[in-house]
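Chains, contacts and geometry: an overview
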Amino acid sequence: MLHTSIEIHDLTVSYQNKPVLWGIDCHIPIQQLTALIGPNGAGKSTLLKSMMGLIPIASGFVHFNGKTIDSMRKHISYMPQRESVDWDFPISVKEVVMMGRYSKLGLFKKPREADHLIVQECLRKVEMEKFADRQISRLSGGQQQRVFMARAIAQDTDFYLMDEPFSGVDAATEITLLDVLKQMRDNGKTIIVVHHDVQAVAEHFDNALLLNLRKTAMGSVKEVLTEHNLQQTYGGKLQILSDVGHLLSIEQKKTRLR
Amino acid sequence: MDAFWIILTGSITAIACALAGTFLVLRKMSMLSDAISHAVLPGIVSAFLLTGSRTGFPVLIGAGSVGLLSSFLIEYLHKRGRVQSDASIGVTFTWLFALGIILISTMGGNIDIDPDCVLYGEIAYVPLDLFSIGNILIPQALISMGSVLLLTLIIIFIAFKELTISTFDPEHAQSIGINTTMWHYILMGCVSLITVAAFDAVGAIIVVALFTAPPSAALLLSSRLSHVLILASLFGVIAAIAGYFLAIWMNGSIAGAMALITGIEVLCAIIISRVKFQLHSLAKQKMIEI
């Protein structure tokens, strides 16, 4: 069990002596779609970054299949938030996706024909092949997310950590991208996604990790997306969220009755 | 022959600045070139006191490491000392520059560096300090600038991929195991060496124009990084040539005229990109009408 999952043990991360994540303990099962949900400032991005070793950990550890991040880097893709880069950078869509191949290429080596084919294939999956030569500043927000997702897919790894890949995308794009993720999961990939839309998580994901400084719940979406857990996570102030939790419980009861 | 040496030195300086400057501008760190160009002064003065020369490899290495040290200090003040990032630049380079000025003024007559020269250099004197290779006499400044340009070209050529990814998306670069800190300091090392080598020719302030203006103009006109690098270098060379003749015509400072031209280049680039944009949207409108 321990060696075929992502194990997060007693993870604490602080920023300037203020804790951002506190004693996170959980196992994330492999080959499933897991959503990371919680209010703004709950530490969702921080959790992904600390899992990738991008920011220092105050205590605890994260193991991928029993190994530390440094020995597993080649097997994990990280997709940062769209806002983290300058989209005016003089580079084409194709070139950004090719960056996904860099970890496999190694230092100072040039991409080969096979890499170009993979890039093309990844662009096709996210329906962006027509935009391959376009400069990235001339893309819409949703197209930018598709490019970032294509880059992550091009890395061809076992684990994917994605920070808000659905922010700023329209409903049609979201469905396309969700289908891509589900297909990847069915091919044995382990995917963790920060997502804001609780309804969509309930519909499309396998598991959910509810986070607000501490872990409030973790498990299959059916078990953990309850009114109680959502209120625990979001502080119970947002009426709309408790409504969502309520609706979900009604729907679940219905399916049980059937 | 003098005109040829001056233009060649100016062009090579401008190309080196344009190449490193493109990455600085893309990283939103243009002001670090300003900081480093001032911070190297105490290094140049101390190296001068030790070796008796303002050019040559000992000066290049000695003063270059002071430049690199200043970029370490800036990072340290910001990250550890929790000083605001722009304030830490301001504190560091003025402090080091002041140290250099104090060195010059207290050593008085012993030093043949005058404070004016520190600020805007004197490229017209480049042909006076010659170095012989075989039976050809080549300006000392050209040799050190040429070697620094060669080093910069080699780094950009072999590590284009690494420099690009750590500039565009440092988090993604780190996530695949690229050491972005190392590339940051390699770039800063290049900037320091270029600044020191360019010191005699264009001084501490004008060099900032060469680092920032040609890349900014090129970025407005091209959307491919490789083209931006070439275009920026071209703008640098144009500034060196046009600046020389403008200065001769006005009987003024050559470095000053070069910087003036780079400013005009940016202005032209803005106008061209505006016109291009207008034409583009006009064409689009026509398409819709049809």
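Below: a short report on this structure. In this text the structure is predicted, and so the values were computed from the model without any measurement. (Residues numbered from 1 in each chain as written. Chains lettered and ligands numbered in written order. Predicted model: local features only at pLDDT ≥ 70, side-chain atom pairs only at ≥ 80, totals over all residues. Heavy atoms only, no water.)

Moving on, we get to the overall build of chain B. Regarding its fold elements, chain B presents 12 helices and 2 strands. Listing each helix as α and each strand as β along chain B from the N terminus yields α-α-α-α-α-α-β-β-α-α-α-α-α-α. Here the C-alpha atoms of chain B give a radius of gyration of 20 Å, agreeing with the 19 Å that 2.2 N^0.38 yields for 290 residues. C-alpha atoms of chain B, sized along the principal axes, occupy 75 × 50 × 35 Å. (Helix = DSSP H or I, 4+ residues; strand = E, 2+ residues; numbered from the N terminus. Rg over C-alpha atoms; globule rule 2.2 N^0.38 Å.)

Moving on to the pattern of salt bridges. Pairing is possible between side chains of opposite charge, provided their charged atoms come close. Residues and elements named next belong to chain A. For the coordinates displayed, the defined rule picks out 16 salt bridges over all chains. The residue Asp115 makes a salt bridge to Arg101 at a minimum N-O spacing of 3.1 Å. Here Asp115 is found in helix α5 (residues 113-125), whereas its partner Arg101 is found in the loop between α3 (93-98) and α4 (102-105), with 14 residues between them in sequence. Across the salt bridge formed by Glu127 and Arg146, the nearest N and O atoms sit 3.8 Å from each other. One end of the pair, Glu127, is in the loop between α5 and α6 (141-154); the other, Arg146, is in helix α6, with 19 residues separating them in the sequence. Residue Glu127 is classed as partly exposed on the basis of its relative accessible area of 48%. (Salt bridge = Lys/Arg side-chain N within 4 Å of Asp/Glu carboxyl O. Buried < 20%, exposed > 50% of the residue type's maximum accessible area, 1.4 Å probe, protein only.)

We now examine the packing of helix α7 (residues 140-158) of chain B against helix α8 (residues 160-168) of chain B. All names here are of chain B. Where α7 contacts α8, the two axes come as close as 4 Å, and the packing angle between them is 75 degrees. Here α8 runs roughly perpendicular to α7, going by the angle between their axes. Packed against α7, whose contacting residues are Ile155, Ile156, Phe157 and Ile158, the element α8 presents Phe160, Glu162 and Leu163 at the interface. Considered class by class, the residues forming the contact of α7 with α8 number 6 nonpolar, no polar and 1 charged. (Axes fitted to C-alpha atoms, helices over the stretch in contact; angles between N-to-C directions. Parallel < 35°, antiparallel > 145°, perpendicular 65-115°, else oblique. Contact = heavy atoms within 4.5 Å. Nonpolar A, V, L, I, M, F, W, Y, C, P; charged D, E, K, R; others polar.)

On to the sheet that holds strand β5 (residues 76-79) of chain A, then. Residue and element names in this part refer to chain A. The 6 strands are arranged β5-β6-β7-β3-β8-β9 in an open sheet whose pairing can be described as mixed. Each edge of the open sheet is held by one strand with a lone partner, namely β5 and β9 (214-220). Taking the axes of each pair of neighbouring strands and ignoring which way they run, one obtains an average angle of 15 degrees across the sheet. Each of β3 (33-37), β8 (207-212) and β9 is contacted by helix α10 (residues 227-234), which is oriented at about 35 degrees to β8, the strand it contacts most. (Pairing = 2+ DSSP bridges.)

Further remarks concern the interface of chain A and chain B. Counting from both sides, the interface comprises 31 residues of chain A and, opposite them, 26 residues of chain B. Summed over both partners, the interface of chain A with chain B buries about 2400 Å², with 64% contributed by carbon and sulfur atoms. Together, Phe89, Pro90 and Phe108 of chain A form the three largest contributors to the area buried by chain A at its contact with chain B, with a combined 27%. Linking chain A to chain B there are 4 salt bridges. Residue Asp169 of chain B is joined to Arg151 of chain A by a salt bridge in which the shortest nitrogen-to-oxygen separation is 2.7 Å. Between chain A and chain B we count 10 residue pairs in polar contact (both at pLDDT 80 or more) in total. At the level of elements, α3, α4 and α6 of chain A are the ones that each hand at least two residues to the side of chain A that touches chain B. With 3 residues, α4 of chain A is the single largest residue contributor to the side of chain A that touches chain B. (Buried area = accessible area lost by both parts, 1.4 Å probe. Polar contact = N/O pair within 3.5 Å; in protein donor to acceptor, adjacent residues only side chain to side chain.)

Here the focus is helix α7 (residues 171-186) of chain A. Residue and element names in this part refer to chain A. Between the first and last C-alpha of α7 there are 22 Å, a value that for 16 residues agrees with the 22 Å anticipated at 1.5 Å per step. Looking at the buried positions of α7, the neighbouring elements they touch are β3, α5, α6, β6 (159-162), β7 (190-194) and α8 (198-204). The opening residue of α7 is Asp170, an N-cap whose side-chain oxygen sits 3.1 Å from the backbone nitrogen of Ala172. Remark: Gly188 follows α7 within two positions and exhibits a positive phi of approximately 95 degrees. (Expected span 1.5 Å × (residues − 1).)

Core analysis: the biggest nonpolar cluster contains 131 residues, and Ile136, Met162, Leu181, Phe205 and Leu225 of chain A have the highest contact counts within it. With 20 residues, helix α10 (residues 180-221) of chain B is the largest single contributor of residues to this core. Apart from residues no more than four positions distant in its own chain, Ile136 of chain A is found in contact with Asp86, Trp87, Phe89, Ile91, Ser92, Val93, Val96 and Gln144 of chain A together with Phe168 of chain B. Core analysis: the second largest hydrophobic core is formed by 26 residues, Ile8, Leu36, Leu48 and Met52 of chain A among them. (Core = buried A, V, L, I, M, F, W, Y, C linked by side-chain atoms within 4.5 Å.)

Counted under the stated rule, the structure contains 7 aromatic pairs over all chains. Where Phe89 of chain A meets Phe168 of chain B, the ring centres are 5.2 Å apart and the plane angle is 55 degrees; that geometry is what we call tilted. Taken together, the residues Phe89 of chain A in the loop between β5 and α3 and Phe168 of chain B in helix α8 connect one chain to another. Among the residues examined, Phe89 of chain A registers a relative accessible area of 1% and is labelled buried. Judged by its relative accessible area of 2%, Phe168 of chain B falls in the buried class. Ring centres of Phe72 of chain B and Tyr185 of chain B lie 4.1 Å apart, and the angle between their planes is 20 degrees; this geometry places the pair in the stacked category. Of this pair, Phe72 of chain B sits in helix α4 (residues 57-79) while Tyr185 of chain B sits in helix α10; the two residues are 113 residues apart in sequence, bridging distant segments of the chain. Judged by relative accessible area, Phe72 of chain B falls into the partly exposed class, the value being 41%. Through pairs of rings, three or more aromatic residues link up here, namely Trp87, Phe89 and Phe148 of chain A together with Phe168 of chain B. (Phe/Tyr/Trp six-rings, centres within 6.5 Å; stacked < 30°, edge-to-face > 60°.)

Moving on, we come to the pairing of β6 of chain A. All names here are of chain A. By the alternation rule, side chains of β6 split into Phe159 and Leu161 and Tyr160 and Met162, which are all buried. Judged from the 4 bridges that link them, β5 and β6 form a sheet pairing that is parallel. Bridging across to β6, Ile76 finds its partner in Phe159. Summarising the sheet, β6 and β7 pair through 4 bridges and their orientation is parallel. Considered in β7, the bridge of Leu161 is made with Ile192. Of the crossover connections in this fold, the one passing from β6 over α7 to the parallel β7 is right-handed. (Right-handed = clockwise from strand over helix to strand, strands pointing away.)

Attention now moves to unusual backbone geometry. Residues and elements named next belong to chain A. One non-glycine residue, Asp156, lies in positive phi territory at about 50 degrees. Within the secondary structure, Asp156 sits in the loop between α6 and β6. Here the phi dihedral of Glu164 falls at roughly 50 degrees; this positive angle occurs in a residue that is not glycine. If you trace the backbone, Glu164 turns up in the loop between β6 and α7.

Residue and element names in this part refer to chain A. The element β3 is extensively covered by neighbouring structure, given that 5 of its 5 residues are classed as buried. Judged by which residues are buried, β3 turns out to be covered on both faces: Leu33, Ala35 and Ile37 on one side and Thr34 and Leu36 on the other are all buried. Relative to β7, β3 runs parallel, the two being bridged by 4 bridges. Its bridge partner lying in β7, Ala35 is registered against Val193. The pairing of β3 with β8 spans 4 bridges and is classified as parallel. Looking at β8, one finds that Leu36 is bridged to Leu209.

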